[in-house]
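# Residue-level structure breakdown
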Protein chains: 2
Amino acid sequence: MKFKVNSTEFEKVLSKVIPAVPTRTPMSVLENLAIEIKDSLMTISGSDLEIVLRASLQVEADSDISILTPAKLLYDVIKNLQDTALDITISDGFKLQIKTRNGEYSVAGLDHAQYPQIPDFPKEENNPFSIAIKGTELKNILEKTVYIISKEEVRAALRGVLFDFSQDGMRFVATDGHRLVNYLKRDLAFEDAAQYVVPEKALIILTKVLEDHEVKISFSGSFVSFVLPGIELIGRLITQKYPDYAGVIPLSNEMSLQLNTRELLNTVKRLLPFTSGNLRKIKLFLESDSMQVTAEDMDIGNSAKEMLPCSYSNDPMEIGFNATLLNDLLIHSVEYNELLFKINTPNKAVIIEPVDRKENQELMLLLMPIRLNN
Amino acid sequence: MKFKVNSTEFEKVLSKVIPAVPTRTPMSVLENLAIEIKDSLMTISGSDLEIVLRASLQVEADSDISILTPAKLLYDVIKNLQDTALDITISDGFKLQIKTRNGEYSVAGLDHAQYPQIPDFPKEENNPFSIAIKGTELKNILEKTVYIISKEEVRAALRGVLFDFSQDGMRFVATDGHRLVNYLKRDLAFEDAAQYVVPEKALIILTKVLEDHEVKISFSGSFVSFVLPGIELIGRLITQKYPDYAGVIPLSNEMSLQLNTRELLNTVKRLLPFTSGNLRKIKLFLESDSMQVTAEDMDIGNSAKEMLPCSYSNDPMEIGFNATLLNDLLIHSVEYNELLFKINTPNKAVIIEPVDRKENQELMLLLMPIRLNN
């Protein structure tokens with residue numbers, strides 16, 4: 001069986017699928033790519049059993065075939081070739097023979113039947129839980145949510161981002177127990193409600209292949225599918241029910257503090273090395289239109305304080321945060337010039353929102369303070 | 001004691017010294033910077049006992065002082081400040097108080113007396129083994145030599161680059177037993193001969209601070225000094241005698257093979273994944289004006305071959321190399337369009353030289369072939 005393909009086009013398709021291929025896995029057959037050619041359409045899949053990346057390319061083939069080839073070796077050969085025509089022969093012994101003008105590469109493959117059953121997305125029409133979104137917008141939403149997923153979380157449901165369909169629109173929610181993000185995309189609305197939790201890893205891999213093009217997201221049963229031009233990502237969903245996040249969001253935080261995002265970020269960056277322990281406590285002492293931010297490492301005897309302008313008109317108050325978490329949150333919010341902190345008491349959850357709303361999107365962050373014992 | 005300094009200037013000096021400060025060391029006092037102010041000249045030193053980096057900066061000081069300060073903390077604070085004036089107070093308790101317009105940072109330091117004795121370079125005038133060289137030229141020489149130093153070498157002398165003073169000029173030599181580089185800088189000549197071995201680590205750190213300026217290199221006793229504008233690196237030398245490298249360089253390699261550096265590099269890159277084991281054997285079959293390069297991984301059954309044009313007019317011959325070593329060597333030689341391989345027999349050392357010589361410099365590489373057993 002023979003087919004012809006251009007090396008640059010082949011490389012482009014391989015580079016899209018490679019991110020799903022595990023590098024060290026006890027199930028070594030997964031280190032292969034599954035290649036199928038049907039009616040001169042070559043479809044290449046890579047998978048770790050949780051996620052599948054699948055991309056297609058038109059080739060000139062003399063018949064159909066299915067085969068497995070070592071992913072890393074094949075990609076290493078193809079990506080180092082200059083743009084050239086490839087003549088590929090697949091023998092009965094699952095051997096791939098790649099010929100260029102000056103070279104010949106023989107790669108031992110495997111029977112396609114050895115590849116495990118990988119997740120497949122049911123092809124239904126008119127799926128009610130299906131949306132189309134610009135790749136750049138989805139990327140922005142993922143950047144604002146995925147970082148909040150805890151690496152140490154034991155509850156399976158919290159190891160992903162909740163995609164929450166409702167009449168209000170589509171919400172993207174992530175939490176690690178200390179903070180929560182709730183991103184509402186308002187220009188969508190669904191008659192029926194539904195909740196799906198997409199695991200962190202699928203979203204991280206998705207981020208790598210997202211570009212400025214439309215993405216179609218569909219949910220069905222226990223799978224999600226992201227369809228991009230020329231490539232599809234299918235992921236197994238987390239089936240555990242997501243906790244009732246709406247119930248933990250306080251509605252009566254009446255004290256408000258408005259500040260410049262980048263100014264506070266720079267202060268937190270400078271004070272971070274002065275915090276200590278796991279708590280990494282940083283204190284904000286709020287006064288009329290200014291605040292003092294302090295940190296100290298009492299064991300060593302280092303300390304730091306800075307004054308920052310802000311807009312605050314309630315009684316003076318002291319509130320503490322974990323500087324690492326606050327730093328993270330600010331880094332992911334720098335596209336908003338000003339932030340509004342809505343505070344209740346120094347021991348209750350603080351709500352953080354951008355001052356300038358963007359059309360059709362609402363971002364709400366929640367951050368738990370650290371109890372101050374002085 | 002008080003002094004004033006600009007944060008950007010302070011940061012620049014700190015960034016030059018930080019590379020010498022060890023991050024994890026049982027001798028934790030070395031994680032500090034030694035700061036000395038004398039007649040308003042601040043000198044900052046960082047050291048791991050083998051290497052010292054020392055930089056100076058004019059400040060406005062009301063008296064002299066010596067103190068140790070935690071390197072990482074101080075650098076983290078200063079580098080995150082925007083360009084601003086700093087008022088620094090050092091108290092009797094070795095406490096550094098840094099004041100800006102909006103902030104105040106208190107850093108616990110240590111008595112300067114706790115710092116160990118660090119290498120110092122004797123200030124001699126008219127040192128005969130002293131040269132001046134452009135920073136960019138030295139960087140280029142180090143890039144061509146340091147990579148050849150073996151990480152696993154047990155002979156201390158081979159864990160550095162030999163600086164060899166002679167009437168011919170100054171030679172820079174490195175070897176790992178399988179390959180050798182001999183770089184001769186001809187526009188220098190010395191009446192007396194001398195050999196000094198500078199350890200790899202000093203050269204790697206030096207590379208980080210080299211820019212486009214003159215460097216003064218001096219040797220004295222068991223130390224080397226590299227003086228750059230505003231910064232000095234002092235390193236302890238390797239005192240073991242360097243082996244007689246000249247004796248291993250063959251003089252009677254009469255077969256010559258000329259080829260395009262980048263073409264061979266690209267071929268080796270493509271064939272590297274097909275090599276196996278520790279030997280990573282790649283074979284060159286030389287014929288009249290062309291060569292066939294092959295690799296195979298017999299355990300798995302992968303193989304590859306390529307044809308390359310070359311200039312060769314001797315009897316056909318087969319010679320093998322370690323593809324990783326050859327790849328490394330070619331990567332570091334791409335500034336030369338064409339290379340000349342001087343060959344004796346397939347089992348003897350091959351000499352590799354650039355075809356186009358540059359003025360006042362001679363580069364000679366030696367690579368041991370791998371024995372072919374077919």
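Residues numbered from 1 in each chain as written. Chains lettered and ligands numbered in written order. Predicted model: local features only at pLDDT ≥ 70, side-chain atom pairs only at ≥ 80, totals over all residues. Heavy atoms only, no water.

### Re the nonpolar core
Formed by 215 residues in total, the largest nonpolar core has its most connected members in Phe226 of chain A together with Phe226 of chain B. Once residues lying within four places of it in the same chain are set aside, the contact partners of Phe226 of chain B are Leu138, Phe163, Val198, Leu203, Leu206, Val215, Lys216, Ile217, Ile231, Glu232 and Leu233 of chain B. (Core = buried A, V, L, I, M, F, W, Y, C linked by side-chain atoms within 4.5 Å. Buried < 20%, exposed > 50% of the residue type's maximum accessible area, 1.4 Å probe, protein only. Contact = heavy atoms within 4.5 Å.)

### A word on the packing of helix 3 (residues 135-145) of chain B against helix 4 (residues 200-209) of chain B
All names here are of chain B. Following both chains from N to C, one finds helix 3 and helix 4 inclined at 140 degrees, their axes separated by 10 Å at the closest point. By the angle between their directions, the pair helix 3 and helix 4 is classed as oblique. For the pair helix 3 and helix 4, the sense of crossing is left-handed. Side by side, helix 3 and helix 4 meet where Leu138, Lys139 and Leu142 of the first sit next to Leu203, Leu206 and Thr207 of the second. For the contact of helix 3 with helix 4, the class distribution of residues is four nonpolar, one polar and one charged. (Axes fitted to C-alpha atoms, helices over the stretch in contact; angles between N-to-C directions. Helix = DSSP H or I, 4+ residues; strand = E, 2+ residues; numbered from the N terminus. Parallel < 35°, antiparallel > 145°, perpendicular 65-115°, else oblique. Left-handed = near helix turned anticlockwise from the far one by under 90°. Nonpolar A, V, L, I, M, F, W, Y, C, P; charged D, E, K, R; others polar.)

### Description of the interface of chain B and chain A
Counting residues at the interface gives 28 residues for chain B and 28 residues for chain A. Counting the surface lost from both chain B and chain A, the interface buries some 2300 Å², and carbon and sulfur atoms represent 51% of this. Considering only the surface of chain B that becomes buried against chain A, Asn80, Tyr105 and Arg270 of chain B emerge as the three largest contributors, covering 22% of it. Where chain B packs against chain A, one counts zero salt bridges. Taken together, the connections running from chain B to chain A amount to 14 residue pairs in polar contact (both at pLDDT 80 or more). Class assignment for the residues of the side of chain B that touches chain A results in twelve nonpolar, nine polar and seven charged. Bridge analysis of strand 9 (residues 103-108) of chain A against strand 21 (residues 302-309) of chain B gives four bridges, and the strand direction is antiparallel. Pairing of Tyr105 of chain A across the sheet is with Ala304 of chain B, part of strand 21 of chain B. (Buried area = accessible area lost by both parts, 1.4 Å probe. Salt bridge = Lys/Arg side-chain N within 4 Å of Asp/Glu carboxyl O. Polar contact = N/O pair within 3.5 Å; in protein donor to acceptor, adjacent residues only side chain to side chain. Pairing = 2+ DSSP bridges.)

### Description of the layout of surface pockets
Residue and element names in this part refer to chain A. In this structure, the largest pocket spans a volume of roughly 620 Å³. Glu31, Pro70, Ala71, Lys72 and Leu73 are the residues nearest the centre of the largest pocket, which is lined by 23 residues in total. Among the elements that line the lining of the largest pocket, the one with the most residues is helix 2 (residues 71-79), at six residues. (1 Å grid on protein atoms, 1.4 Å probe; cavity = no way out; pocket = protein on both sides within 12 Å on 5 of 7 lines; lining within 4 Å. Points joined across faces, edges and corners; volume = space filled by probe spheres on them.)

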